[in-house]
Amino acid sequence: MARLTILEHREIADNMRWLLFEAPKDLQYQPGQFLHIRVTDGVDHLLRRPISLCKVDGGRKALGVAYRVGGKGTKLLAGKNVGDTLDVLGPLGKGFKLHEGDRHAILVGGGIGVPPMVELADQLHRNGVKVTAIVGFQSKSVAILIDDLKQYGDVLVSTNDGSLGRQGFVTDYMTDELLASADRFYACGPTPMLRAVQAKMEGRVAGYLSLEERMGCGIGACMACVTSCRLADGSIGYKKVCKDGPVFPAPEVYF
Ligand code: FES
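Residues numbered from 1 in each chain as written. Predicted model: local features only at pLDDT ≥ 70, side-chain atom pairs only at ≥ 80, totals over all residues. Heavy atoms only, no water.

Asks: I would appreciate a short explanation of the layout of surface pockets in the present structure.
Replies: Rolled over the atoms, a probe sized like a water molecule indicates the empty space that remains. When its volume is computed, the largest pocket comes out at roughly 770 Å³. Secondary-structure elements contributing two or more residues to the lining of the largest pocket are strand 4 (48-57), strand 5 (62-68) and helix 1 (72-78). Broken down by element, the lining of the largest pocket gets its largest block of residues, five residues, from strand 4. Taken together, the residues of the lining of the largest pocket break down into twelve nonpolar, seven polar and seven charged. Roughly 480 Å³ of internal volume is contained in the second largest pocket. Across the lining of the second largest pocket, the residue classes break down as eleven nonpolar, nine polar and three charged. Summarising the domain contributions, the lining of the second largest pocket has at least three residues from each of domain 1 (2-92) and domain 2 (96-210). (1 Å grid on protein atoms, 1.4 Å probe; cavity = no way out; pocket = protein on both sides within 12 Å on 5 of 7 lines; lining within 4 Å. Points joined across faces, edges and corners; volume = space filled by probe spheres on them. Helix = DSSP H or I, 4+ residues; strand = E, 2+ residues; numbered from the N terminus. Nonpolar A, V, L, I, M, F, W, Y, C, P; charged D, E, K, R; others polar. Domains from an automatic or database assignment.)

Asks: I keep staring at the sheet that holds strand 6 (residues 85-92) and nothing clicks. Help me out?
Replies: Strand order around the closed barrel formed by six strands is 1-2-5-4-3-6, with antiparallel pairing between neighbours. Within the sheet, the average angular offset between the axes of one strand and its neighbour, ignoring direction, is 45°. (Pairing = 2+ DSSP bridges. Axes fitted to C-alpha atoms, helices over the stretch in contact; angles between N-to-C directions.)

Asks: Would you take a moment to explain the packing of aromatic side chains for this structure?
Replies: Each aromatic ring pair is summarised here by two numbers: the centre-to-centre distance and the angle between the ring planes. Enumeration over the complete set of coordinates arrives at two aromatic pairs. Relative to Tyr 186, the ring of Phe 96 has its centre 5.5 Å away and its plane inclined at 85°; by these criteria the two rings are edge-to-face. Taken together, the residues span a long stretch of sequence, with Phe 96 in the loop between strand 6 and strand 7 (104-110) and Tyr 186 in strand 11 (residues 184-188) at a distance of 90 residues. Here Phe 96 and Tyr 186 have matching classes, each one buried. On the basis of an interplanar angle of 10° and a centroid distance of 5.7 Å, the ring pair of Tyr 186 and Tyr 208 is categorised as stacked. Placement of the pair is Tyr 186 in strand 11 and Tyr 208 in strand 12 (residues 207-210), with a sequence separation of 22 residues. We note that Tyr 186, like Tyr 208, is buried. (Phe/Tyr/Trp six-rings, centres within 6.5 Å; stacked < 30°, edge-to-face > 60°. Buried < 20%, exposed > 50% of the residue type's maximum accessible area, 1.4 Å probe, protein only.)

The structure is reproduced here in structure tokens:
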């Protein structure tokens with residue numbers, strides 16, 4: 001646990017905010033891990049909020065996250081200012097694994113699942129892997145981080161209402177030709193999107209799904225985040241999203 005100072009905090013789309021912290025000392029991280037941020041109004045002892053790591057700025061020694069302002073916790077977080085400090089655990093959990101020898105990766109992000117793709121795209125790009133990012137949003141007004149992703153590869157955009165990019169779903173971009181050219185996929189977003197991506201990729205491209213789940217402790221102690229998974233012996237069991245994930249090999253995830 002560390003108290004980290006806020007270096008930047010601003011709106012980047014409707015109800016979506018960017019928050020940059022100073023990095024904790026001796027930072028170790030993987031793309032896809034999350035920060036567990038405690039927010040309080042000074043009266044209630046609120047739970048922590050898990051927010052995916054979006055970008056590490058090595059030059060400034062800073063960690064960036066992007067989040068949607070929704071419930072009480074994130075509304076309180078939105079009221080914090082540059083110079084304030086927050087109690088932050090992490091980066092926590094298991095992130096995305098990069099594989100030596102991969103030449104082309106498809107990154108799929110839906111809504112608030114887009115932020116972890118930025119650091120991942122940066123690392124893949126630096127390793128010489130071609131990046132194709134497919135991102136989906138409800139509408140243009142909540143679209144985020146597209147220009148950030150464009151620094152690292154091709155970006156294909158879909159929106160539900162057609163106000164930006166192609167109208168439809170991220171899977172609409174997943175042609176046979178695209179899938180045949182990919183060595184790996186990485187996806188993060190709402191469950192219906194992950195289920196559709198898992199079905200599309202099964203038996204064709206190996207990859208990873210990052211699950212979004214409500215969390216309590218964030219460190220494997222409270223069982224608030226359990227999800228059904230296919231275990232190694234083929235049976236269905238449970239795993240903790242905070243500790244065993246949030247990133248899982250795609251075949252392990254059982255919807
Ligand atoms: Fe407590 Fe995962 S949040 S076990």
